[in-house]
Amino acid sequence: QVHLVESGGGSVQAGGSLRLSCAPSGYTDSSNCMGWFRQAPGKERKGVAAICAGGRTTSIADSVEGRFTISRDKANNTVYLQMNSLKPEDTGMYYCAAATSVVAVFRLPPDIVGDWGQGTQVTVSS
């Protein structure tokens, strides 16, 4: 089973930017999806972005549309989440995981392949 390591989180002021990275180890199927998920304190974990079909298609949650973009490095299979114009409500623990479809990423609860990793903390102050 593929192991994923999230990095790039930190503490920023509202309006700032961060780029999260999801680095795989082991085999990954680039024809399937990778998703980024967010869990605010005391709230359920939910999908915020998905990239599928080897990077040919992307899907972004309404709450982050126009501010976040998801991308994939085809050479290394690393998946990025570029977060711009950050808001305090973006605060939370961010995770990446594989999924079989866009629908699986945005289901509640998310329907991922394998286990959740450690995540990376994002804190946005006003």
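Structure first, text after, so check above.
Residues numbered from 1 in each chain as written. Predicted model: local features only at pLDDT ≥ 70, side-chain atom pairs only at ≥ 80, totals over all residues. Heavy atoms only, no water.

Once that is clear, we can look at the environment of Ser 31. With respect to the helices, strands and loops of the structure, Ser 31 is situated in the loop between β3 (18–25) and β4 (33–39). Judged by relative accessible area, Ser 31 falls into the partly exposed class, the value being 48%. As for Ser 31 and Ala 97, which are separated by 66 residues in sequence, their C-alpha atoms are 14 Å apart. When near neighbours in sequence (up to four residues on either side) are disregarded, Ser 31 contacts Ala 53 and Gly 54. (Helix = DSSP H or I, 4+ residues; strand = E, 2+ residues; numbered from the N terminus. Buried < 20%, exposed > 50% of the residue type's maximum accessible area, 1.4 Å probe, protein only. Contact = heavy atoms within 4.5 Å.)

Taken in spatial order, the four strands line up as β1-β3-β8-β7 in an open sheet, and their pairing is antiparallel. Of all strands in the sheet, those bounded by a partner on one side alone are β1 (3–7) and β7 (68–73). Between one strand and the next, the sheet's axes are offset by a mean angle of 20°, whatever the strand orientation. For β3 and strand β8 (residues 78–83), the ladder comprises five bridges, and the chain directions are antiparallel. Residue Ser 21 lies in a different strand from β8, and its bridge partner there is Tyr 80. (Pairing = 2+ DSSP bridges. Axes fitted to C-alpha atoms, helices over the stretch in contact; angles between N-to-C directions.)

On to the sheet that holds strand β6 (residues 57–60). Strand order in the open sheet formed by six strands is β2-β10-β9-β4-β5-β6, and the pairing between neighbours is mixed. The open sheet has two edge strands, β2 (10–13) and β6, and neither has a second partner. If you compare each strand with its neighbour and ignore which way they point, the axes differ by 25° on average. Direction of pairing for β2 relative to strand β10 (residues 120–125): parallel, over a ladder of four bridges. By the bridge assignment for β10, Ser 11 is matched with Thr 123.

Don't take any of this as a statement about function, it's just geometry.
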